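Breakdown of the fold
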Amino acid sequence: MEALDYHAEERRKAEFNLDEMKIVWAGSRRNYELSDRVARLVASDPVFRKDNRTMLTRKDLFKDTLRKAAHAWKRIIDLRLSEEEANMLRSYVDQPAFTDLHWGMFIPAIKGQGTSEQHEKWLPMAYKMQIIGCYAQTELGHGSNVQGLETTATFDPQTDEFDLHSPTLTSSKWWPGGLGKVSTHAVVYARLITGGQDHGVHGFIVQLRGLDDHLPLPGITVGDIGMKFGSGAYNSMDNGLLRFDHVRIPRNQMLMRVSQVTREGKFVQSDVPRQLVYGTMVYVRQTIVSDASCALARAVCIATRYSAVRRQFGSQNGGPEIQVIDYKTQQSRLFPLLASAYAFRFVGEWLKWLYTDVTQRLQANDFSTLPEAHACTAGLKSMTTSVTADAIEECRKLCGGHGYLSNSGLPELFAVYIPTCTYEGDNVVLLLQVARFLMKTVSQLGSGKKPVGTTAYMGRAEHLMQCRCEVEMAQDWLKPSTILEAFEARAVRMSIACAKSLGKFSNPEDGFAELSPDLVEVAIAHCQLIVVSKFLEKLQQDIPGKGVKRQLEILCNVYALHLLHKHLGDFVATGCITPNQGALANEQLRLLYAQVRPNAIALVDAFNYTDHYLGSILGCYDGNVYQKLYQEAWKDPLNDTVVPDGYLEYLRPILKQHIRTARL
Ligand SMILES: CCCCCCCC/C=C\CCCCC/C=C/C(=O)SCCNC(=O)CCNC(=O)[C@H](O)C(C)(C)COP(=O)(O)OP(=O)(O)OC[C@H]1O[C@@H](n2cnc3c(N)ncnc32)[C@H](O)[C@@H]1OP(=O)(O)O
Ligand SMILES: Cc1cc2nc3c(=O)[nH]c(=O)nc-3n(C[C@H](O)[C@H](O)[C@H](O)COP(=O)(O)OP(=O)(O)OC[C@H]3O[C@@H](n4cnc5c(N)ncnc54)[C@H](O)[C@@H]3O)c2cc1C
């Protein structure tokens, strides 16, 4: 018997080839096939069940995480999965674990900052998971200000060793994932001291626990920092604390690609810029942008499918009520988020390319694109995670009361997702880095140095400062060049206005501090321009499949025009557009929503998420929401008994007291 599909009618309305859209979303046919296979593999494996994890105690959840990680590793070995497939498998298991840090930060830190001898020694053990590592940078007293870290690594020429020490309470390492209970090793960031001189923060490979008994090595105090936000969610991770009491490590465990310490204790700074010590963060920030599109797509998929099932008001002659997705307010809240998911997907693809390019250049000692890579990864990480975190909460509200149920999947997704706005760099701190980069670019405009890459538009500042938007009718807003010019003009005008204001301060640092709220806005305008321009560039590519390109054009316009509508103040205040042109953009936006509407369900189907990965009754593929909610309610442990535990001790006495009082 064919299973009932409550979305069948919606799916029939789609005006594009879904299979081709799935390939666009995945990046290529190969990626699609790989990811589809691995997602199904995980979904069909009972060990990876996750429907009860919000009910588990912290200890049980942690053990469950260890069990899943061990099983995932077994599957990876047994099936001889490639590194790419293994990464996919871990992400579909969908439970934050120490392995995220081992593969995502520990190994990349050694690869990026270690010498070839260090690669040869450490990477094979790490790849086989004979050692498990984490990334121990943040301390109790300092996270954002990396140069303010206090842990010391003092070279002792007598023994050819470093002495790792935590001199103060605030120097305790605090937060590293995987550190609390699992990692045998860590890349520890500490101030390098040689001959009494402080050379700033560097990375060191330090063994923390015995490989036979898992006990902390002498001089090491290590443990978990405690429960975090939400139930389940990030509590599967053992974020840890760590203190060193004069722990000794051999000299060759300092990561020495950027700087070296010789046998005599001489500090040698190579030609490689010191910022490469921050390289692992740049790598992870880049991956976080692609992950943002996944998390956003997930929330949007749930809210869209549920909005098509849910009906409220408007029944005519006893007929069905209106699907909430047909309310214009629902569309104006939901469809920009759908468009943003696609926009972040494409900018994530581009950022991956940029990162690969800068890595290849670094290997050839070309450091010229490093500032651009830093600004792009920092800015886009910040912008996409802030939008996604807010969007998950918006999707919860779009699902009304049922969105607040744990089994909607949205509370857990929110709880797991929100720390991305903080980790790998607080979002405001990172936007200020982008602003510094932009102010520097503006200050060099008259010097003959041509801005390149994502700031190339600033080279056309003269034109962009005085150009006038030519929109006369709503449909004029559909011209890519019109949209692009409006975003470029807004970004450059905001940058130059800020640079002028900065120029009024005698001390530039004072000016930067004073104007920092405006500078954050400037950085956001620049990042939004990058996302819009990369979406438009994507549309220049040959995109096969009936109606696929057309849908992407609609989504691109929704993305750009909803931003224009949201930040109308910036656009109008900088004189890029008139208030009337702003109103025309809004008019066009409403027309675009009507075009998205029949395709909405298919556009979220294109994410190809299994019900297992989505983990949401409201977002399930077949849309059989009410029956599933009803069945699920009875599985709650509170419903194991008809009369709850505690009735006799606490409820009955009150009720009886009431009866006694009544008798009086
Ligand atoms: C429902 C279930 C779902 C399950 C899903 C599972 C999800 C789990 C997935 C993944 C797990 C992820 C785990 C995350 C773990 C998190 C780890 C961390 O957080 S690690 C710690 C991160 N810490 C930070 O990011 C710190 C931020 N601070 C900094 O980066 C720096 O201190 C700074 C803010 C950049 C300032 O640095 P500094 O003071 O040294 O610099 P400045 O003086 O400001 O600048 C000097 C010049 O250097 C340039 N610069 C700065 N940084 C970089 C860089 N990274 N690369 C290149 N250049 C850089 C800067 O621009 C200045 O340049 P000039 O102006 O001089 O040209
Ligand atoms: C779930 C999670 C996992 C983590 N995993 C790891 C890990 O594996 N390894 C690791 O080393 N670290 C890890 N961290 C730590 C994380 O990297 C830091 O928390 C993060 O970098 C922010 O630093 P902070 O906590 O010092 O924030 P703070 O810098 O103290 O921020 C507090 C507030 O001050 C503001 N602020 C700070 N500086 C400025 C400024 N210059 N200008 C304006 N405003 C400013 C911020 O915007 C923020 O509002 C993790 C954190 C979390 C939450």
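Residues numbered from 1 in each chain as written. Chains lettered and ligands numbered in written order. Predicted model: local features only at pLDDT ≥ 70, side-chain atom pairs only at ≥ 80, totals over all residues. Heavy atoms only, no water.

Moving on to the UniProt feature "binding site: FAD" (unreviewed entry) in the chain. The positions UniProt marks with the feature "binding site: FAD" (unreviewed entry) are Thr138 and Gly177. Maximum C-alpha separation among the annotated residues is 10.6 Å over a sequence range of 40 residues, consistent with a single clustered spot. Mapped onto the elements of the fold, threonine 138 is located in the loop between strand E1 (133-136) and strand E2 (152-156). For threonine 138, the contacting residues outside a window of four places in its chain are Gly143, Ser172, Lys173, Trp174, Trp175 and Pro176. Tracing the chain through its elements places glycine 177 in the loop between strand E4 (173-174) and strand E5 (185-194). Ignoring anything within four residues of it in the chain, the contact list for glycine 177 reads Leu101, Cys134, Met237, Asp238 and Asn239. (UniProt positions renumbered as here; feature names shortened; annotations may be inferred. Helix = DSSP H or I, 4+ residues; strand = E, 2+ residues; numbered from the N terminus. Contact = heavy atoms within 4.5 Å.)

Locating arginine 305 in the fold gives a position in helix H8 (residues 279-309). Residue classification places arginine 305 among the buried positions, given a relative accessible area of 2%. C-alpha separation for the pair arginine 305 and glycine 318, spaced 13 residues apart in sequence, amounts to 24 Å. Contacts of arginine 305, omitting those with residues within four sequence positions, involve His7, Arg11, Ile601, Val604, Asp605, Leu614, Leu618, Gly619, Cys620 and Tyr621. Within polar-contact distance, the side chain of arginine 305 engages the side chain of aspartate 605 at 2.7 Å. (Buried < 20%, exposed > 50% of the residue type's maximum accessible area, 1.4 Å probe, protein only. Polar contact = N/O pair within 3.5 Å; in protein donor to acceptor, adjacent residues only side chain to side chain.)

The immediate surroundings of ligand 1 are formed by 30 residues, with Ser144, Gln147, Gln275, Tyr278 and Lys440 found nearest. In this structure, a nitrogen atom belonging to ligand 1 sits 3.3 Å away from a side-chain N or O atom of glutamine 137. Between ligand 1 and glutamate 424, the relevant distance is 2.9 Å, taken from an oxygen atom to a main-chain nitrogen or oxygen of the residue. Elements represented by at least two residues in the shell around ligand 1 include exactly helix H6 (98-113), H8, helix H10 (370-398) and helix H12 (427-443). When the residues that make up the shell around ligand 1 are grouped by side-chain class, the tally is 13 nonpolar, 9 polar and 8 charged. (Near = heavy atom within 4 Å. Nonpolar A, V, L, I, M, F, W, Y, C, P; charged D, E, K, R; others polar.)

As annotated in UniProt, the feature "domain: Acyl-CoA oxidase C-terminal" (unreviewed entry) corresponds to residues 480-656 in the numbering used here. In this annotation, residues 480-656 is assigned 72% helix and 0% strand; the end-to-end C-alpha distance for the span is 73 Å.

What follows concerns the layout of surface pockets. One way to see where empty space is left: roll a probe the size of a water molecule over the atoms. Taken as a whole, the second largest pocket holds about 630 Å³ of empty space. Lining the second largest pocket we find 27 residues, and of these Leu337, Val387, His562, Leu563 and Lys566 sit closest to its centre. Of all the elements in the fold, those that place two or more residues in the lining of the second largest pocket are helix H9 (328-363), H10, helix H16 (516-540), helix H17 (548-566) and helix H19 (579-596). Taken together, the residues of the lining of the second largest pocket sort by class into 12 nonpolar, 9 polar and 6 charged. (1 Å grid on protein atoms, 1.4 Å probe; cavity = no way out; pocket = protein on both sides within 12 Å on 5 of 7 lines; lining within 4 Å. Points joined across faces, edges and corners; volume = space filled by probe spheres on them.)

Turning to the site of ligand 2, a few remarks are in order. Not every one of the 20 residues close to ligand 2 is listed here, only the nearest: Tyr135, Thr138, Gly143, Ser144 and Asp426. One of the side-chain nitrogen or oxygen atoms of threonine 138 is found 2.7 Å away from a nitrogen atom of ligand 2.

With that out of the way, let us pick up the sheet that holds strand E7 (residues 220-224). One open sheet accounts for 3 strands, arranged E4-E8-E7; its pairing is antiparallel. Two strands lie at the open edges of the sheet, namely E4 and E7, each paired on one side alone. (Pairing = 2+ DSSP bridges.)

Now for the state of the cysteines. Summed over all chains, the structure comprises 0 disulfides. Cysteine cysteine 395 remains unbridged, with the sulfur of cysteine 399 as its closest cysteine sulfur at 6.8 Å. As a non-bridged cysteine, cysteine 620 has cysteine 301 as the owner of its nearest cysteine sulfur, 9.9 Å distant. (Disulfide = S-S within 2.5 Å.)

What follows covers the pattern of salt bridges. Under the criterion given, the structure shown has 41 salt bridges. For arginine 75, the salt bridge is made with aspartate 45, and the minimal N-O distance between the two is 3.9 Å. Placement of the pair is arginine 75 in helix H4 (residues 58-78) and aspartate 45 in the loop between helix H3 (29-43) and H4, with a sequence separation of 30 residues. Between aspartate 156 and arginine 248 there is a salt bridge, and its shortest N-O distance comes to 2.8 Å. Taken together, the residues span a long stretch of sequence, with aspartate 156 in strand E2 and arginine 248 in strand E9 (residues 247-250) at a distance of 92 residues. Three or more residues are tied together by salt bridges with common partners; here these are Lys50, Arg53, Asp94, Arg298 and Glu412. (Salt bridge = Lys/Arg side-chain N within 4 Å of Asp/Glu carboxyl O.)

Glancing now at the packing of aromatic side chains. Overall, the coordinates contain 20 aromatic pairs when judged by the stated rule. Centroid distance tyrosine 234 to tyrosine 423: 6.3 Å. Interplanar angle 45°. Geometry classified as tilted. Of this pair, tyrosine 234 sits in the loop between E7 and strand E8 (240-244) while tyrosine 423 is found in the loop between helix H11 (410-417) and H12, placing the two residues 189 residues apart along the sequence. When its relative accessible area of 33% is taken as the criterion, tyrosine 423 is described as partly exposed. Of the aromatic side chains, those joined through ring pairs into one cluster are Trp25, Tyr92, Tyr342, Phe346, Phe535, Phe607, Tyr609 and Tyr613. Looking at arginine 298, its charged tip hangs above the ring of tyrosine 613, at a distance of 4.3 Å from the centre. (Phe/Tyr/Trp six-rings, centres within 6.5 Å; stacked < 30°, edge-to-face > 60°. Lys NZ or Arg CZ within 6 Å of the ring centre and 35° of its normal.)

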